[in-house]
Amino acid sequence: MSPARRRAVVDALRRGAVPDSGLDLLATGLDRFEAAVDAELDAVIGGGSAFKAVRGEYGSGKTFFARWLGERAKRRGFAVAEVQVSETETPLHRLETVYRRATERLATASFPPSALRPVVDAWFYALEEDALAEGADDSRLEAAVARLLDDRLSEVSRDAPGFAAALRGYHSALGAGDEATAAAVLAWLGGEPHVAAAAKRAAGVRGDLDHFGALGFLQGLLAVLRDSGHPGLLLVLDEVETLQRVRSDARDKALNALRQLIDEVHSGRFPGLYLVITGTPAFYDGPQGVQRLAPLAQRLATDFSTDPRFDNPRAVQLRLPGFQLNSLTELGRKIRDVYAAGSTDPGRLLSVADDAYVADLARAVGGALGGKVGVAPRLYLKKLVGDVLDRIDQFPDFDPRVHYRLTVDRTELTDAERHAATITAASATSADEVELDL
């Protein structure tokens with residue numbers, strides 16, 4: 001691991017966040033899924049599409065899994081977009097908002113979010129190269145590029161004519177040296193609703209992207225990605241369980257939008273798309289989630305009554321078993337080793353924070369969360385890096401067994417961690433001490 005990559009991983013864990021890269025070195029227990037997801041990625045590269053639903057309790061590693069999968073996809077040339085579903089920022093029943101967030105979060109192995117403009121520029125460069133290869137000279141290059149654009153987006157234009165028109169407008173504005181108009185038109189292409197009317201008139205487009213047009217624009221984005229050297233798009237809709245907390249009418253619309261999107265993926269409308277959603281078991285099995293819409297429940301039905309060891313990684317749903325004490329300790333050792341590789345005194349760090357101490361800290365953090373090890377990884381790694389390893393690295397006389405005592409403040413906990421740490425009714429001395437999740 002390079003120093004920059006190691007630093008990014010350690011900094012993220014110190015903040016209590018999931019790193020954006022380096023997850024292949026930290027993955028614990030995900031090897032069972034590798035063959036299945038790699039086969040699906042290869043199928044998407046071949047012009048297919050795929051859908052996967054990931055289920056797991058809070059803290060089981062759903063976001064980690066999604067980013068681990070994203071790294072594997074990027075190594076195959078995919079573009080990746082991770083969208084956090086939320087009631088206010090990204091409501092799932094408004095697919096135009098989901099599309100906009102996807103373009104904002106679009107990333108490739110070479111470009112961080114938003115990679116939309118580099119992708120579009122690479123696409124036009126490929127069109128120009130093809131036009132020159134066909135014999136077009138400088139005087140006819142513009143017309144040849146326009147013809148190739150129409151040919152490549154002919155299928156998309158039937159459902160979303162505005163997508164091709166916006167690309168033409170963007171290219172024309174760049175050719176005229178009008179950077180402001182080009183940027184505005186590209187923003188409209190990315191689903192941005194607040195674009196100057198003058199820029200839209202210059203590109204020959206009208207209005208704003210709506211729920212139904214978003215699917216056509218997604219189709220166009222996949223075509224542009226494919227012709228610019230990216231064989232597919234991994235689109236992750238994270239935390240879809242938030243749908244359970246919205247108004248019933250919005251929830252029903254969102255569930256139907258999800259059903260529609262899954263059907264479109266399976267119908268072959270989106271060649272090159274690998275769609276992944278993540279949610280809790282309550283979302284998939286409870287009355288306020290998937291089960292509320294029978295057609296969606298049928299599409300996602302998966303048998304989890306057997307031993308988790310025999311879960312089928314090729315099924316439409318994947319179950320993340322969550323962390324046990326041994327796997328949490330293994331993860332802690334991996335993080336310690338990554339940290340030690342960049343330490344000023346690796347030998348001392350490995351000696352002071354030895355395997356026994358890493359395991360003791362895992363047990364302590366799990367105990368502070370009511371023994372629920374499954375929700376402990378974020379807090380455990382945050383404490384390990386920020387409270388222990390940083391101090392060992394900076395202070396030659398620091399010994400965590402002597403100078404450190406684990407403390408957990410409720411303000412540093414997520415809702416799930418706070419719930420796990422809540423005093424149970426059995427141990428409460430009064431009714432006022434019992435916290436109810438209403």
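Not measured: the values here are computed from a predicted model.

Which residues make up unusual backbone geometry, and what values go with them?
Ser114 follows Pro113 through a cis peptide bond whose omega is -10°. With respect to the helices and strands, the residue Ser114 is situated in the loop between α4 (95-104) and α5 (116-133).

If you had to explain helix α15 (residues 325-341) to someone new, which residues and values would you point to?
Counted at 1.5 Å a residue, the expected span for α15 with its 17 residues is 24 Å, and the 25 Å between its end C-alpha atoms agrees. For α15, the set of buried residues is Ser327, Leu328, Thr329, Leu331, Gly332, Ile335, Arg336, Val338, Tyr339 and Ala340. Of the surrounding secondary structure, the elements contacted by the buried residues of α15 are α1 (3-15), α16 (346-352), α17 (355-368) and α18 (377-394).

An account of the pairing of strand β4 (residues 273-279) is requested, with residue identities and associated values reported.
With seven of seven residues buried, β4 lies mostly within the body of the structure. Here β4 shows a buried face lined by Leu273, Leu275, Ile277 and Gly279 and a second buried face lined by Tyr274, Val276 and Thr278. Relative to β4, strand β1 (residues 50-55) runs parallel, the two being bridged by six bridges. Bridge assignment links Ala53 to a residue of β4, and that residue is Ile277.

Provide a residue-level description of helix α6 (residues 141-152), including the pertinent values.
Counted at 1.5 Å a residue, the expected span for α6 with its 12 residues is 16 Å, and the 16 Å between its end C-alpha atoms agrees. Within α6 the residues assigned to the buried category are Leu141, Ala144, Val145, Leu148 and Leu149. The buried side chains of α6 occupy one side of the element, clustering within an arc of 140° when seen end-on.

The rules behind the values
Residues numbered from 1 in each chain as written. Predicted model: local features only at pLDDT ≥ 70, side-chain atom pairs only at ≥ 80, totals over all residues. Heavy atoms only, no water. Helix = DSSP H or I, 4+ residues; strand = E, 2+ residues; numbered from the N terminus. Expected span 1.5 Å × (residues − 1). Buried < 20%, exposed > 50% of the residue type's maximum accessible area, 1.4 Å probe, protein only. Contact = heavy atoms within 4.5 Å. Pairing = 2+ DSSP bridges. Arc of directions from axis to C-beta.

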